[in-house]
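Okay, here's what each chain looks like letter by letter:
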Amino acid sequence: MNIQWYPGHMTKAKRAMKEDIKLIDLIIELVDARVPLGSRNPDIDELGAGKARMVLLNKSDLADEKINEQWVGYFAEQGCQVVKVNCKTGAGLKQIGAAVQEACKEKIERDRRRGIQNRPIRAMVVGIPNVGKSTFINAFAKKACTKTGNKPGVTKGNQWIRLNKTLELLDTPGILWPKFEDQQVGLHLAFIGSINDEILNKEELALELIQVLSQRYPGALKERYQIEELATALTVQESLLILKEIARVRACLLKGGELDTSKAAAILLEDFRSGRLGRITLEQPCAKVNELPKEERG
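Only a predicted model underlies this, so the values are computations on that prediction, with no experimental measurement involved.

K.L.:
Outline the packing of aromatic side chains, listing residues and values.
P.N.:
Counted according to the given criterion, the structure contains five aromatic pairs. With 5.2 Å between their ring centres and 80° between their planes, Tyr-74 and Phe-75 make a pair best called edge-to-face. On the numbers, 5.5 Å between centres and 15° between planes, the contact of Phe-136 with Phe-140 is stacked. One end of the pair, Phe-136, and the other, Phe-140, are both in helix α6 (residues 133–141), four residues apart, so they sit about a helical turn from each other. In this pair, the class of Phe-136 matches that of Phe-140, namely buried. Through pairs of rings, three or more aromatic residues link up here, namely Trp-71, Tyr-74 and Phe-75. Positioned above the aromatic ring of Phe-272, the side-chain terminus of Arg-34 is 5.5 Å from the ring centre. Over the face of the ring belonging to Trp-160 we find Arg-122, whose NZ or CZ atom lies 4.6 Å from the ring centre.

In structure tokens form, the structure reads like this:
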């Protein structure tokens, strides 16, 4: 699959971020804990040069906990405050206030020396589409400040939210980058739902996911669907056989009794995205995904 998605509003959003970056003290970047590097926009590092940084490993309860801890260490080494969260359930959010203060302690001390007191920290919330920015803001503020949705592209413009006397947040639209140099990154983003499903062939995407899971988390499909997995390095035809088995087990049928592989593909993708296949991480620090050793996969 060749995956690219960069709608016009993302260009406008990036321009707005460039203008607003000079107003903020801290960048709070949400990433998907299942693909922490793949779900980072590389443009953010350039836009946010010189700013305090925080990384929120969102949906960390869907990711492999052992590898979560490795990512916490990785981002900490980059000079970022790191918090594992689940913005839907609120898990980890209580740690963010202290992490904000720690990330901005130099700014707070600088203000104190200048006689400036009680100036709120201004933080820009950034991330790729559908990573959970608006859900985070609403959960952190404990009120509905922004519109949310389970598909990319809900937030269209920048919006300031004053949480309290010490912190203001700037919500920004999710932006990707114009071209995925590594198509594996595009695939991973499609797996987690950060690419608009309407431009994707879900059956092809499901076949790719079956191949990935059979290599990195063998047994996950067998446990979920009570089917036999053929091998850990599948051909496309073998992956299709597994997809057909999922269709059979889930009674995905067309008229005449033919297996509905399109419906089975949608079920598989939703099961992965919701965590029903287990806690799965597709990337590991300091290792190419394809080189992830079996003993580190789950």
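More follows now that the structure is in view.
K.L.:
Give a description of the sheet that holds strand β5 (residues 159–162) that names residues and reports values.
P.N.:
Ordered in space as β3-β2-β1-β4-β6-β5, the six strands form an open sheet in which the pairing is mixed. A strand with exactly one partner marks an edge of an open sheet, and here the two such strands are β3 (81–84) and β5. Taking the axes of each pair of neighbouring strands and ignoring which way they run, one obtains an average angle of 25° across the sheet. Pairing between strand β1 (residues 26–32) and strand β4 (residues 121–126): four bridges, direction parallel. Paired with Leu-26 across the bridge in β4 is Ala-123. Together, β2 (52–58) and β3 form the strand contacts of helix α3 (residues 65–77), whose direction differs from that of β3 by roughly 165°. Contacts from helix α4 (residues 96–103) reach β1, β2, β3, β4 and β6 (167–171) within the one sheet, and its direction differs from that of β2 by about 155°.

K.L.:
Give me the lowdown on α3, citing residues and values where you can.
P.N.:
For α3, which comprises 13 residues, the first-to-last C-alpha distance of 19 Å matches the rise-based estimate of 18 Å (1.5 Å per residue) to within 8%. Burial in α3 covers these residues: Ile-67, Asn-68, Trp-71, Tyr-74 and Phe-75. With its buried residues spanning 120° around the axis, α3 presents them on a single face. Buried residues along α3 sit in contact with β2 and β3. For α3, the N-terminal capping position is held by Asp-64, with its side-chain oxygen 3.2 Å away from the main-chain nitrogen of Lys-66.

What counts and how
Residues numbered from 1 in each chain as written. Predicted model: local features only at pLDDT ≥ 70, side-chain atom pairs only at ≥ 80, totals over all residues. Heavy atoms only, no water. Phe/Tyr/Trp six-rings, centres within 6.5 Å; stacked < 30°, edge-to-face > 60°. Helix = DSSP H or I, 4+ residues; strand = E, 2+ residues; numbered from the N terminus. Buried < 20%, exposed > 50% of the residue type's maximum accessible area, 1.4 Å probe, protein only. Lys NZ or Arg CZ within 6 Å of the ring centre and 35° of its normal. Pairing = 2+ DSSP bridges. Axes fitted to C-alpha atoms, helices over the stretch in contact; angles between N-to-C directions. Contact = heavy atoms within 4.5 Å. Expected span 1.5 Å × (residues − 1). Arc of directions from axis to C-beta. Polar contact = N/O pair within 3.5 Å; in protein donor to acceptor, adjacent residues only side chain to side chain.

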